[in-house]
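A look at the structure
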Amino acid sequence: MSMRLSTISIMMALPCMLWAATAGDSVHTAKDETAYERRIRRYNQFWHSLTPDFVRFQYAGSVGLVNLGCGWAYGRRDKWETDLMLGFVPKYDKDKPFFTVTIRETFVPWEKHLKGHFSCQPLSCGLFLNSVLRKDYWTREPERYPERSYYKFSTKVRFHLFVGQRYSFNIPADKRFMAQKLSAVWEVSACDLYVLNRAVNKSLPWYEMFSLSLGLKYDF
């Protein structure tokens, strides 16, 4: 009987003994980490932070017919996002097609759970800068314009404000392969030039200040 009690006591104490040993090893490892190991760990953490958290595809929106880019989410509950996009503009009335580059900063204050695996981000807002990759656009007027004060604004860089929403499908954990979430996005934006045109020319319809874009966001 006493042997049985001793065996049971040892079995009950074994998990605590293992936990204590593991905790001791962790403390020992952290305490005895060399300067080299600490530097390598920080080095790996830095490069890991550069890995994009999502990719984004966008149609229209005054930055090109189609845009593709990647970005990073950060802050509490990933409320802040920064992404870089490359856009394509067909030639239309130009002599040849060209590209644009856009850098975006987005704030997403909250997310609302819907039925099943679906969720909604009722508000996404922010700003972005867009630049045209063509030589005949400029940040400062060329010398052919008198005193370089004819246009008084850059034709190469545009500043935009936007607001929109996202509707997401959260992929079940046991079915994820490359992504955890796929979102449909719509946004309405206005750029500085369109707002200025409306301010000096009241005959222009107010809705011409705004541009609509549709897109998909793929979260890793």
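To keep things clear, this report deals only with the structure shown in the data block.

Here is what the cut-offs are and how they apply
- Residues numbered from 1 in each chain as written.
- Predicted model: local features only at pLDDT ≥ 70, side-chain atom pairs only at ≥ 80, totals over all residues.
- Heavy atoms only, no water.
- Helix = DSSP H or I, 4+ residues; strand = E, 2+ residues; numbered from the N terminus.
- Buried < 20%, exposed > 50% of the residue type's maximum accessible area, 1.4 Å probe, protein only.
- Contact = heavy atoms within 4.5 Å.
- Areas by Shrake-Rupley, 256 points an atom, 1.4 Å probe, with all protein chains shown as cover.
- Phe/Tyr/Trp six-rings, centres within 6.5 Å; stacked < 30°, edge-to-face > 60°.
- Salt bridge = Lys/Arg side-chain N within 4 Å of Asp/Glu carboxyl O.

**Let's talk about the overall build of the protein chain**
- Scanning the protein chain from terminus to terminus reveals 3 helices and 9 strands.
- From first element to last, N terminus to C terminus, the protein chain shows the α and β order α-α-β-β-β-β-β-β-β-β-α-β.
- Of all 220 residues assigned to the protein chain, the portion counted as buried reaches 28%.
- If you take every contact in the protein chain between residues at least 6 apart in sequence, the share linking residues at least 24 apart comes to 55%.
- For the protein chain, the accessible area works out to roughly 15,600 Å², and carbon and sulfur atoms hold 66% of it.

**Section: the packing of aromatic side chains**
- Enumeration over the complete set of coordinates arrives at 9 aromatic pairs.
- Judged by centre distance (5.8 Å) and plane angle (40°), the ring pair of phenylalanine 128 and phenylalanine 162 falls under tilted. Of the two residues, phenylalanine 128 is situated in strand E6 (residues 118-133) and phenylalanine 162 in strand E7 (residues 157-170); the sequence distance between them amounts to 34 residues. Phenylalanine 162 carries the same exposure label as phenylalanine 128, and that label is buried.
- Note on tryptophan 206 and phenylalanine 210: the rings are 6.2 Å apart at their centroids and 70° apart in plane angle, and the pair reads as edge-to-face.
- We classify tryptophan 206 as exposed; its relative accessible area is 54%.

**Digging into unusual backbone geometry**
- At alanine 60, a residue that is not glycine, the phi angle is positive and equals roughly 65°.
- Following the sequence through the fold, alanine 60 ends up in the loop between strand E1 (54-59) and strand E2 (66-74).
- With a phi angle near 55°, arginine 77 is a residue other than glycine that sits in the positive phi range.

**Side note on the pattern of salt bridges**
- Inspection of the entire model under this criterion finds 10 salt bridges.
- With a shortest N-O distance of 2.9 Å, arginine 104 and glutamate 187 are connected by a salt bridge. With arginine 104 in strand E4 (residues 98-107) and glutamate 187 in strand E8 (residues 181-191), the pair connects residues that are 83 residues apart, well separated along the chain.
- Glutamate 187 gets classed as buried once you look at its relative accessible area, which sits at 4%.
- Lysine 217 is the salt-bridge partner of aspartate 219, the closest N and O atoms lying 2.7 Å from each other. Across the pair, exposure class does not vary: aspartate 219 and lysine 217 are buried alike.
- Three or more residues joined by partner-sharing salt bridges are found here, namely Arg56, Glu81, Asp83, Arg104, Arg166, Glu187, Lys217 and Asp219.

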